[in-house]
Amino acid sequence: MSRISKAERQLQLQREELGDHLYANRVRVYPKTVHGPVRRFKWTVLVFCLAVYYLLPWLRWHRGANQPDQAVLLSLWHERFYFFNLEFWPQDIYYLTGLLIMAAVTLFLVTSLIGRVWCGYTCPQTVWTDLFMWVERQIEGDRNERMKRDAEPLSFDMVWRKVLKHAVWLGIAFWTGGAWIMYYVDAPTVTVEFWTATASKEVYFFTLLFTATTYLLAGWAREQVCTYMCPWPRFQSAMLDEQTVTVTYQGWRGEPRTRGKRHEDVPAGDCVDCGACVTACPTGIDIRDGIQLECINCGLCIDACNHVMEKTGRPQWLITWDTLADQAAKAQGRQTTLRLLRPRTLIYVSALLLAAVVMTVALLTRSSIDLSVLHDRAPLFVRLPDGDLRNGYTVKIVNKTQQMALFELRTEGLNAASLAEPDEGLGPADRLGLMVKADSIGTFRVTAAGQPNRLVGGSQPIDFILRNTETAEQTVYRSQFMGPR
Ligand code: SF4
Ligand code: SF4
């Protein structure tokens, strides 16, 4: 038998000790059903979010012949993002960047004002977990019934309920995964193709992938996603301050918490230590311990406690929405006013307004044509018999309109400039007429010849000016004209 050294033994002990501290078995959470205004509001948001998600791909939007008629479609086939009347090309990627910036700043603003309501109400993880829990309660019963059955030995009653629950979960997950695909491929078409086994293998792969992730994340991982996987709780603390409205236990009113019979000579707070707020919590925490990373600000503990307060004849809202500043003041018998306008919220609002204005102006002044000009790598230039220099270019014209268009191309920056499109036998002329089909990109081989007037170090700028002859819309692309050094 091999012997281990003293140092190795010490390391082994340290590892074992660390292992004990770093690993803990998951404590399964069995949230209890609650009723009340917060729960009703949460149901309303859930139904709205799910309805938008599942139904939006089926909304039709007429765009003309040969155009997809789905209102919201990220078409990989057409390389376009269609959003009702708007159509974004790959060249418009900066709009997506702007939208992402606006979404992030809005999230920062909302979090600094009213805490993690995104997590508690609209995050897909929360919405689908809530839906899966509802299914679970319909099939396996409420908290006590589920806990009791799970602790019992295997029985027929347990098995059929579990099998049915997982089957329904998988059905919802499949519907969710399928709906996701419909944002990329025309919904009615892909539905028919899917069930007639004629859809592409990518459609089947991604449907199964999103089915599996929905089932695992909402059915099995649940609150573990919020607590361990999601980065948002980690950096949200940078957005919270003492003026942020969050779900708060009013300790000054509830403490000392007292169970059972109360005696006049013993001070007792309103909290009867019933634990209803803990059993209602979908992440299994005790809000009375203060703000915690696991708290998603869903407010279900408010409904649970209000119910207890009502039954025991005490004022409701022992757990409430409030700021830490207001709670500290109330504990001292003072009142404070809510401060919505604070340096951080003002910064977020300013950033949001700025981004919104930039995006709106950019959208309103969006061009329906795009031009790019790529200089030939070789030869860089050719000297013509008459002494002029000639350069070759690849010109790409994006026609985003729904009509075939005739474009006029000319240059600025050369003396006695002439353009030609040798492949089509056009030119040389001071301007070229180039035809581009509706909603497509035209690629042309163009040569520009002339006398460079400010050639420095072998090159000078040259502007290509493109004009839609129908609409007079114009765009300019600056390239380089090459010559001898
Ligand atoms: S403590 Fe209350 S608000 Fe926070 S997650 Fe639990 S139930 Fe929701
Ligand atoms: S539900 Fe209310 S009364 Fe019951 S333990 Fe929680 S805070 Fe106390």
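Going by the structure above, here's the rest.
A quick note: this is a predicted structure, and the numbers were derived from the prediction, not measured.

**Looking at the site of ligand 1**
Close to ligand 1 lie 13 residues, the nearest being Cys281, Ile287, Cys295, Cys298 and Cys301. Classifying every residue of the shell around ligand 1 by side-chain character gives 10 nonpolar, 3 polar and no charged.

**Overview of the sheet that holds strand E1 (residues 72-75)**
Across the sheet, which stays open at both edges, the 3 strands sit in the order E1-E2-E3 with antiparallel pairing between neighbours. This sheet does not close on itself; its edge strands, each paired only once, are E1 and strand E3 (86-88). Taken over all neighbouring pairs, the strand axes of this sheet differ in orientation by 10 degrees on average, direction set aside. Relative to E3, strand E2 (residues 80-83) runs antiparallel, the two sharing 3 bridges. Within E3, the residue paired with Phe83 across the bridge is Leu86.

**Some points on the site of ligand 2**
Neighbouring ligand 2 are 16 residues; Cys271, Cys274, Ala276, Cys277 and Cys305 lie closest to it. Those elements that provide at least two residues to the shell around ligand 2 are helix H13 (276-280) and helix H14 (300-311). Top contributing element to the shell around ligand 2 by residue count: H14, with 3 residues. Grouping the constituent residues of the shell around ligand 2 by class yields 11 nonpolar, 2 polar and 3 charged.

Parameters at a glance
Residues numbered from 1 in each chain as written. Chains lettered and ligands numbered in written order. Predicted model: local features only at pLDDT ≥ 70, side-chain atom pairs only at ≥ 80, totals over all residues. Near = placed C-beta within 6 Å. Nonpolar A, V, L, I, M, F, W, Y, C, P; charged D, E, K, R; others polar. Pairing = 2+ DSSP bridges. Helix = DSSP H or I, 4+ residues; strand = E, 2+ residues; numbered from the N terminus. Axes fitted to C-alpha atoms, helices over the stretch in contact; angles between N-to-C directions.

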